[in-house]
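Chains, contacts and geometry: an overview
Each chain, written out:
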Amino acid sequence: MTVTLEVAAGVGTLRLDRPPMNALDVATQDRLKELAEEATRREDVRAVVIYGGERVFAAGADIKEMQAMDHTAMVLRARGLQDSFTAVARIPKPVVAAVTGYALGGGCELALCADFRIAAENAKLGQPEILLGLIPGAGGTQRLSRLVGPSKAKDLIFTGRQVRADEALAIGLVDRVVPAAEVYEQAHAWAAKLAQGPAIALRAAKESIDTGLETDLDTGLAVERNWFAGLFATEDRERGMRSFVEEGPGKAKFL
């Protein structure tokens, strides 16, 4: 299998495993979508880590496979490519990308689908599609600009240059930089902490933020308002407020 889903203590690890560089061919894309949807459905998965292994996150699409595709073939495939990444972005649970080595092209686009990105000190990220006479096709033009702003996104996409971890941190492309040996451990710890939280409230927070970024303020406020009121029907809300009143803040147990 080119992608696996392993679950432990509420955390599902989506592991890319297509040596040597985790090139994202069509089969890997389809498997990623399948497992992202499984992680969405499974109640024992309360948070997700995306990981490519100790050496590389994902160095991009399978260029040899794409070279053999003509316009008609890509018209038929482009939606499937985007859908596989969107399935990851729409996992209604906290998702963290553990980025080691290269995260280029589709690899960078996959990291953009996470809520939080922890990168190794030796990581390199970028959207080099322009060097192939292309543009990012798995969400890079949209998610990157929303994350770092249009000017910085255009810099990376127009030039195709790679950025090291320190620059990625400075522009907001990644959220934390750690020694390479600690990337997965820290990503898993972040996910495990959130896996202990109120699942429906976390889902509400993620959907409210993501929807708000894609629409106008009034619509975003309506989504927030509906989720906020709806959470008053949950056991977690009752548990959280009862704990606050009886024990003080931050002591509620949601599992």
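Shown above is the structure to which this text applies.
This is a predicted model, so every value here is computed, not measured. (Residues numbered from 1 in each chain as written. Predicted model: local features only at pLDDT ≥ 70, side-chain atom pairs only at ≥ 80, totals over all residues. Heavy atoms only, no water.)

1. Some points on the state of the cysteines
We apply this condition: Here, a disulfide means two cysteine sulfur atoms that sit within 2.5 Å of each other. Remark: exposure states derive from per-residue accessible area (1.4 Å probe, protein chains only) relative to the maximum for the residue type, with buried under 20%, exposed over 50%, and partly exposed in between.
One pass over the structure, following the stated rule, counts zero disulfides. The thiol of cysteine 108 is not disulfide-bonded; the next cysteine sulfur, from cysteine 113, is found 10.0 Å away. Residue cysteine 108 is classed as buried on the basis of its relative accessible area of 2%. Owing to a relative accessible area of 3%, cysteine 113 belongs among the buried residues under this scheme.

2. Quick look at the packing of helix H1 (residues 26-41) against helix H3 (residues 71-89)
To keep it simple, the criterion reads: Fitting a line to C-alpha atoms yields each axis, with helices limited to the stretch in contact; the angle taken between N-to-C directions then spans 0 to 180 degrees. Numbering goes from the N terminus for both helices and strands, where a helix is a DSSP run of H or I of at least four residues and a strand is a run of E of at least two. Helix crossings are classified by the rotation of the near helix relative to the far one: an anticlockwise turn of less than a right angle makes the crossing left-handed, while a clockwise turn makes it right-handed. We call two residues contacting when some pair of their heavy atoms lies within 4.5 Å. Any residue that is not Ala, Val, Leu, Ile, Met, Phe, Trp, Tyr, Cys, Pro, Asp, Glu, Lys or Arg is counted as polar, Gly included; the first ten are nonpolar and the last four charged.
Put simply, H1 and H3 touch, their axes get as near as 8 Å, and they point 40° apart. Relative to H3, the crossing made by H1 is left-handed. On H3, the residues that touch Val26, Gln29, Asp30, Leu32, Lys33, Ala36 and Glu37 of H1 are Arg77, Leu81, Asp83, Ser84, Ala87 and Val88. Broken down by class, the residue content of the contact of H1 with H3 amounts to six nonpolar, two polar and five charged.

3. Brief notes about unusual backbone geometry
For the peptide bond that leads from proline 19 to proline 20, omega is 0°, which places it in the cis range. Inspection of the secondary structure assignment puts proline 20 in the loop between strand S2 (11-16) and H1. Unlike most non-glycine residues, alanine 9 shows phi in positive territory, near 55°. A positive phi angle, near 55°, is found at asparagine 22, a position not held by glycine. Mapped onto the elements of the fold, asparagine 22 is located in the loop between S2 and H1.

4. Focus: the pairing of S2
Rules: A pair of strands is labelled paired if DSSP reports no fewer than 2 bridges between them. With the strands pointing away from the viewer, any crossover whose connection runs clockwise from the first strand over the helix to the second is right-handed.
Burial runs high along S2: five of the six residues are buried. Where strand S1 (residues 3-8) lies against S2, six bridges are found, and the strand directions are antiparallel. Across the sheet, leucine 5 pairs through a bridge with leucine 14, a residue of S2. Taking the residues between adjacent antiparallel strands as the criterion, S1 and S2 are bridged by two residues, where alanine 9 takes a positive phi near 55°. As judged from the five bridges shared by S2 and strand S3 (residues 47-51), these two strands associate in the parallel manner. Residue glycine 12 lies in a different strand from S3, and its bridge partner there is valine 48. Crossover handedness for the path S2 to H1 to S3: right-handed.

5. Considering the packing of helix H5 (residues 140-148) against helix H6 (residues 150-159)
Defined as follows: Orientation is classified from the angle alone, with under 35 degrees giving roughly parallel, over 145 giving roughly antiparallel, 65 to 115 giving roughly perpendicular, and any other angle giving oblique.
Look at H5 against H6: their axes get within 7 Å of each other, and the N-to-C directions meet at 135°. Between H5 and H6, the angle is such that the two are oblique. Crossing geometry of H5 relative to H6 is assigned as right-handed. Note on element contacts: H6 touches H5 through Pro150, Lys152, Ala153, Leu156 and Ile157, opposite Gly140, Thr141, Leu144, Ser145 and Val148. Among the residues forming the contact of H5 with H6, the class breakdown is six nonpolar, three polar and one charged.

6. Observations regarding H3
Inclusion rule: By definition here, a helix of n residues has an expected span of 1.5 Å times n minus one. Given a residue, its bend is the angle between the two axes fitted to the seven residues that end at it and to the seven that start from it. In protein, a polar contact means a hydrogen-donor-capable atom and an acceptor-capable atom, both N or O and within 3.5 Å, with residues adjacent in sequence counting only if both atoms are side-chain atoms; elsewhere, any N or O pair within 3.5 Å suffices.
Relative to the 27 Å expected for 19 residues at 1.5 Å per residue, H3 spans 27 Å between its end C-alpha atoms, a close match to the ideal helical length. Roughly 40° is the biggest bend found in H3, and it falls at arginine 77. Listed in full, the buried residues belonging to H3 are Arg77, Leu81, Ser84, Phe85, Thr86, Ala87, Val88 and Ala89. The inward-facing, buried residues of H3 contact H1, S3, helix H4 (106-112), H5 and helix H9 (199-213). Between the side-chain oxygen of the N-cap and the backbone nitrogen of threonine 72 there are 3.3 Å, and the N-cap of H3 in question is aspartate 70.

7. Details of the nonpolar core
Note the threshold: For our purposes a nonpolar core is just a set of buried Ala, Val, Leu, Ile, Met, Phe, Trp, Tyr and Cys residues, chained together by side-chain atoms within 4.5 Å.
Core analysis: the largest hydrophobic core is formed by 45 residues, its most contacted members being Phe57, Val99, Leu125 and Leu173. Ranked by residues supplied to this core, first place goes to H3 with five residues. Judged by nonpolar contacts, the second largest core, of 14 residues, contains Val96, Ala98, Phe116 and Ala195.

8. Brief notes about the sheet that holds strand S4 (residues 95-99)
Pairing is mixed in the open sheet, where six strands are placed in the order S1-S2-S3-S4-S6-S9. At either end of the open sheet lies a strand with only one pairing partner, and these are S1 and strand S9 (176-178). Going from strand to strand, the sheet's axes swing by 20° on average, the running direction of each strand aside. Taken together, the three bridges between strand S6 (residues 116-120) and S9 define a ladder with parallel strand orientation. Counterpart to isoleucine 118 in the pairing with S9 is arginine 176.

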